[in-house]
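# Chains, contacts and geometry: an overview
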Amino acid sequence: MLVAVLAQLCAGGWAQAQEQTTYHGCTDADGRAVAAVSDPALDRVVASRPGAPEIRYNESALPRLQPETRLFLFAHECARHNLGQPLAGARSEADARRADCHGLASLLRSGLLDAARIDALERDLKFADGEWERVPGPPRAFALRACAAETAARRILTRPTPAQPEWNACVRGCGARLRACAPRTAACEDAYERCASLCDFRSPP
């Protein structure tokens, strides 16, 4: 899931990029491309279109948001597609947090977000009651530092022990597929993250 590209990021930083942000490269759980469509009439910052591999976004919604916050919210929405989460109906807080962490990992891995900016991002992700209607819910606190630590820990493949054989075997299998993935791309990394996240449903370490 190469979540997004800021058209002017390299040329002029976040401030100049804000008005010329383009998103592409999102894929769903089956590897299909998810279209990113700019929609000035949308009353939300970003929203998925149920029944279609499509994400709509409005750069003018909630103008107080920093460009990296908009990028994160798009990454979160892309993660919902990438993880195969339901796009319609009520969302659980657990699914939302999982999409938060998956989206953040993609941004950090692709270099679109500097780890040093995570704290500033968390501060900008504090929404008033009325604002939650315009961003991906449900209302929750964002613990992005914990996400980053968890992602780093998952990359450490340990030897199986009697206490965690199923989990280790599962994660090692994901790692084997990652090593065999060629040429190595962001899609390979995303497949690994998705595979490793499913290992959590086995015997945890």
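Just above, that's the structure.
Residues numbered from 1 in each chain as written. Predicted model: local features only at pLDDT ≥ 70, side-chain atom pairs only at ≥ 80, totals over all residues. Heavy atoms only, no water.

## Concerning the environment of Ala 99
Stated formally: A run of H or I in DSSP counts as a helix once it spans at least four residues, and a run of E counts as a strand once it spans at least two, with each numbered from the N terminus. The rule is simple: take the accessible area with a 1.4 Å probe, protein chains only, and divide by the maximum for that residue type; under 20% is buried, over 50% is exposed, in between is partly exposed. Whether two residues are in contact is decided by their heavy atoms: any pair within 4.5 Å suffices.
Here Ala 99 shows up in helix α3 (residues 93-110). Looking at Ala 99, the relative accessible area reads 0%, which means it is buried. The sequence separation of Ala 99 and His 81 amounts to 18 residues, and the corresponding C-alpha distance is 9.2 Å. Beyond its immediate chain neighbours, meaning those up to four positions away, Ala 99 contacts His 76, Ala 79, Arg 80, Leu 83 and Gln 85.

## Considerations on the environment of Arg 145
Along the chain, Arg 145 falls in helix α5 (residues 144-154). Under the relative-accessibility criterion, Arg 145 is labelled partly exposed at 37%. Put simply, Arg 145 and Ile 118 are 27 residues apart on the chain and 6.9 Å apart in space, counted from C-alpha to C-alpha. Ignoring anything within four residues of it in the chain, the contact list for Arg 145 reads Ala 115, Ala 116, Ile 118, Asp 119 and Glu 122.

## Regarding the state of the cysteines
Filter applied, for reference: By convention in this document, the label disulfide applies to cysteine sulfur atom pairs within 2.5 Å.
Scanning the model with the defined rule gives two disulfides in all. Between the sulfur atoms of Cys 26 and its disulfide mate Cys 78 the distance is 2.0 Å. Judged by the sign of its S-S torsion, about 110°, the cystine formed by Cys 26 and Cys 78 is right-handed. With Cys 26 in the loop between β2 (21-22) and β3 (35-38) and Cys 78 in helix α2 (residues 67-82), this residue pair connects regions lying 52 residues apart in the sequence. Note on accessibility: Cys 26 and Cys 78 belong to one class, buried. With its sulfur 2.0 Å from that of its partner, Cys 101 forms a disulfide with Cys 147. On the S-S bond that ties Cys 101 to Cys 147, the torsion sits near -65°, and the link is left-handed. Taken together, the residues span a long stretch of sequence, with Cys 101 in helix α3 and Cys 147 in helix α5 at a distance of 46 residues.

## Observations regarding the pattern of salt bridges
So the rule is basically this: Here a salt bridge means any side-chain nitrogen of Lys or Arg lying within 4 Å of a carboxyl oxygen belonging to Asp or Glu.
Overall, the coordinates contain 11 salt bridges when judged by the stated rule. Notably, a salt bridge pairs Glu 54 with Arg 49, separated by 3.6 Å at the nearest N-O pair. For Glu 54, a relative accessible area of 11% translates into the label buried.

Take it as geometry only, folks, not as evidence of what the structure does.
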